[in-house]
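Chain and residue survey
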Amino acid sequence: MRLDENLVQPVKTADMHATVAALLTRGKGLLAADESFGTIEKRLKALAIPATDENRRAYRELLATTPGLNDFISGVILFDETIREWTSLGKTIPELLQDEGIIPGIKVDKGAVPMANFPGEKLTQGLDGLRERLAAYHALGARFTKWRAVFTVAEGTPGSPCIEANARLLAIFASLSQEAGLVPIVEPEVLMEGDHPIARSEQIIHVTLSRVFDALLEYRVLLESMILKTGMVLAGSECPEQPGLDVVAERTLRCLASAVPGAVPGIVFLSGGQEAGLATRRLNAICAANHGPWTLTFSFGRALQAPALSLWRGYPENIEEAQEALHERARENSLAVRGLHPPAEQREQFQTSVPKRRQSV
Ligand code: 13P
């Protein structure tokens, strides 16, 4: 067998190319609505919304039925519970999304668990039975998948055993996903919690991405049929020296250029706990300065959902307002990926409210 032989069936490759092209439609991005039970419970409880089955279902239905969502959103990442859910409209969530021309995707990892012998480090689990689950998700309408590895920045972490093991897990996930004709979103997330300077984030993201791409190539993953999901290069959230937009853009693009092969068609950013508006302004700065070969866009969870969730608060009478807020966040991020943010009506307020840039480390 030749090493360059394409083992994924041609028809699946063609399907994945079509999915990649649709997900990366210019001016559109992804909505990450794939919070696991624990995470959605945390988000709901933070707003004193009871974390019941019914509230989770109602909230996900609110997101999926937002009028005009497809203006700016090409795909939605779902959680196992949601992809199987029947809505009050008598259709499943994937069916509602497909009706709107939005591609349903699915988180297939089973979460990050503590790594034995490496305090503070985590490995992502979920490979057992994955081949069978992928076939079932395809039948339920999913056309892309996501697997998230998580790296904590602290003294001595992340270490190479953690990076190495997570890179291999991501590569095995991606190869199985492509075998099933599903476009893998490969997500090695370096957390922004900590007081480290931006230079440390850049170095760690560079090392993790480099190792992940080595593993993807070793495991014969088709780079042109996958999407990378990463964080922006930022200073730790507790770092007293927060760099300006241009420094974030420059370091993020430099890091991607040094670690991501040009064959990768698209890179999508997670928001990672940044305030929603700030995530959008940084996205705009990065996309406006991008001369790389990839399409860059967003795959935000909190930075798209937060205003909508706090407006909804579990009350049916707030659904319309919450959906408008989600639509507006999606619109602003759509402008950002085209380097056109802030919208004209916000320009004056933006110019007066943005703190002066500080020199980065
Ligand atoms: P956030 O944008 O809230 O970080 O979520 C994106 C995501 O999918 C994390 O896995």
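Let me sum up the structure you'll find in this document. Position labels on residues start from 1 in each chain and follow its written sequence. For a predicted model such as this one, the threshold for reporting local features is a pLDDT of at least 70, and the threshold for listing and counting side-chain atom pairs is 80 or more; totals across whole chains, interfaces and linings nevertheless cover every residue. Neither water nor hydrogens contribute to the side-chain values; these are computed over all heavy atoms in the structure.

Details of the site of the ligand
If a single non-hydrogen atom of a residue is within 4 Å of a molecule or strand, that residue counts as near it. Taken together, 13 residues form the shell around the ligand, and within it Lys 146, Lys 229, Ser 271, Gly 272 and Arg 302 come nearest. Taking Lys 229, its side chain carries an N or O atom lying 2.7 Å from an oxygen atom of the ligand. Here an oxygen atom of the ligand sits 2.7 Å away from a polar atom, N or O, in the side chain of Arg 302. The method behind every accessible area is Shrake-Rupley, applied with a 1.4 Å probe, and residues are considered shielded solely by the protein chains displayed. In the complex, 91% of the free accessible area of the ligand, which totals 300 Å², lies under the protein chains. A run of DSSP states H or I qualifies as a helix once it reaches four residues; a run of E qualifies as a strand once it reaches two. Both are numbered from the N-terminal end. Elements with a minimum of two residues in the shell around the ligand: strand S6 (144-151) and strand S10 (295-300). Think of a polar contact as two N or O atoms within 3.5 Å of one another; within protein, one of them needs to be a possible hydrogen donor and the other a possible acceptor, and neighboring residues in sequence only count if both atoms come from side chains.

A few points about helix H8 (residues 198-218)
Taking 1.5 Å of rise per residue, the 21 residues of H8 would be expected to cover 30 Å, and the 30 Å separating its terminal C-alpha atoms lies within 8% of that figure. The complete set of buried residues in H8 reads Ile 198, Ser 201, Glu 202, Ile 204, Ile 205, Thr 208, Leu 209, Arg 211, Val 212, Phe 213, Ala 215 and Leu 216. Residues of H8 that are buried in the fold lie against S6, helix H7 (160-179), strand S7 (183-190), strand S8 (227-230) and helix H9 (245-259). Among the residues trailing H8, Arg 220 stands out with phi positive, at a value near 60 degrees. What a helix is expected to span follows from its residue count: subtract one and scale by 1.5 Å. Exposed residues in this analysis have more than 50% of their type's maximum accessible area, buried residues have under 20%, and partly exposed residues fall in between, with area computed by a 1.4 Å probe over protein chains only. It only takes one pair of heavy atoms within 4.5 Å for two residues to be counted as in contact.

Observations concerning the pattern of salt bridges
We define a salt bridge as a contact between a side-chain nitrogen of Lys or Arg and a carboxyl oxygen of Asp or Glu at a distance within 4 Å. Here the structure, examined in full by the defined rule, presents 23 salt bridges. For Arg 56, the salt bridge is made with Glu 81, and the minimal N-O distance between the two is 2.7 Å. Placement of Arg 56 in helix H3 (residues 53-64) and of Glu 81 in helix H4 (residues 80-83) is noted, with a sequence separation of 25 residues between them. Taken as a pair, Arg 56 and Glu 81 share a single burial class, namely buried. Taken together, the shared-partner salt bridges connect Glu 35, Asp 53, Arg 56, Arg 60 and Glu 81 into one network.

A few points about the sheet that holds S8
For two strands to be treated as a pair, DSSP must find no fewer than two bridges joining them. Spatial strand order, S1-S2-S3-S6-S7-S8-S9-S10: eight strands in a closed barrel with parallel pairing. On average, each strand axis in the sheet is inclined to that of its neighbour by 25 degrees, with strand direction left out of account. Sheet analysis places strand S1 (residues 29-33) next to strand S2 (residues 73-78), joined by five bridges and oriented parallel. What sits directly across from Leu 30, in S2, is Gly 75. Running at roughly 180 degrees to S6, H7 makes contact with S6 and S7 of the sheet. Under this scheme, a helix contributes an axis fitted over its contacting stretch, all axes are lines through C-alpha atoms, and angles between N-to-C directions fall in the 0 to 180 degree range.

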